[in-house]
Amino acid sequence: MREEIKWEQFGQTKFISKRSFLVKSWRILDEVGSWHRYRLCTTWDFSASKFTSTPAIARLVKDEQKRIGILITGKNTGWVKVGKRIGVFQSIYTSFNTINKKALQYLLSRIKCDLLEEGDLILGRETVDAFD
């Protein structure tokens, strides 16, 4: 039998998984519909101009409607630096199709969910089997 995923409270209405995966890049869709890949890293300085060698952390995030997406944060409460000129963020909520397949496969390996497509975003919805 497959081990269930453990969720922790994150804010008032969200839950995050304890299972995490290190990510070094993130894909963003621009205004004209083209995908661009940007480098990610953890930084401890909000005004950082250079990249560090520490990757960011991706985890599953679930809201009260049981929709599941990806939360990207810095390692050890650091900030996430995106690209050379994009910016530095505390956390990033994103969809499944913006991180690499290996990370996504690892994060989704212990959860049962249906994939939903909303525009250009791919999200999940947690399912419950009556026979488990």
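Note that the coordinates shown come from a computational prediction; the quantities given were computed from them, not determined experimentally.

Criteria and cut-off values
- Residues numbered from 1 in each chain as written.
- Predicted model: local features only at pLDDT ≥ 70, side-chain atom pairs only at ≥ 80, totals over all residues.
- Heavy atoms only, no water.
- Helix = DSSP H or I, 4+ residues; strand = E, 2+ residues; numbered from the N terminus.
- Buried < 20%, exposed > 50% of the residue type's maximum accessible area, 1.4 Å probe, protein only.
- Polar contact = N/O pair within 3.5 Å; in protein donor to acceptor, adjacent residues only side chain to side chain.
- Contact = heavy atoms within 4.5 Å.
- Core = buried A, V, L, I, M, F, W, Y, C linked by side-chain atoms within 4.5 Å.
- Pairing = 2+ DSSP bridges.
- Axes fitted to C-alpha atoms, helices over the stretch in contact; angles between N-to-C directions.

Moving on to the side chain of serine 17. Within the secondary structure layout, serine 17 lies in strand 2 (residues 14-23). A residue is classified by how much of its surface remains accessible, and serine 17, at 0% relative accessible area, is buried. Here the side chain of serine 17 touches arginine 19 through a polar contact of 3.1 Å, landing on its backbone oxygen. Here serine 17 is in contact with Ile5, Lys6, Trp7, Arg59 and Leu60, once residues within four sequence places are set aside.

So, about the nonpolar core. Within soluble globular proteins, side chains that are nonpolar generally end up buried alongside one another. Membership of the largest hydrophobic core comes to 21 residues, with the highest contact counts inside it found for Leu40, Leu60, Ile70 and Ile72. Of all elements in the fold, only strand 5 (56-62), strand 6 (67-73), strand 7 (79-82) and helix 1 (101-108) reach the threshold of two or more residues within this core. In terms of residue count, helix 1 provides more of this core than any other element does, four residues in total.

The strands making up a sheet associate through hydrogen bonds between their backbones, and the pairing can be parallel or antiparallel. The antiparallel open sheet is built from four strands, whose spatial order is 3-4-7-8. A single partner strand is all that each edge strand has here, and the edge strands are strand 3 (25-29) and strand 8 (87-89). Neighbour-to-neighbour, the strand axes of this sheet turn through a mean angle of 35 degrees, independent of strand direction. As paired elements, strand 3 and strand 4 (residues 35-43) share five bridges and run antiparallel to each other. By the bridge assignment, arginine 27 is partnered in strand 4 with arginine 37.

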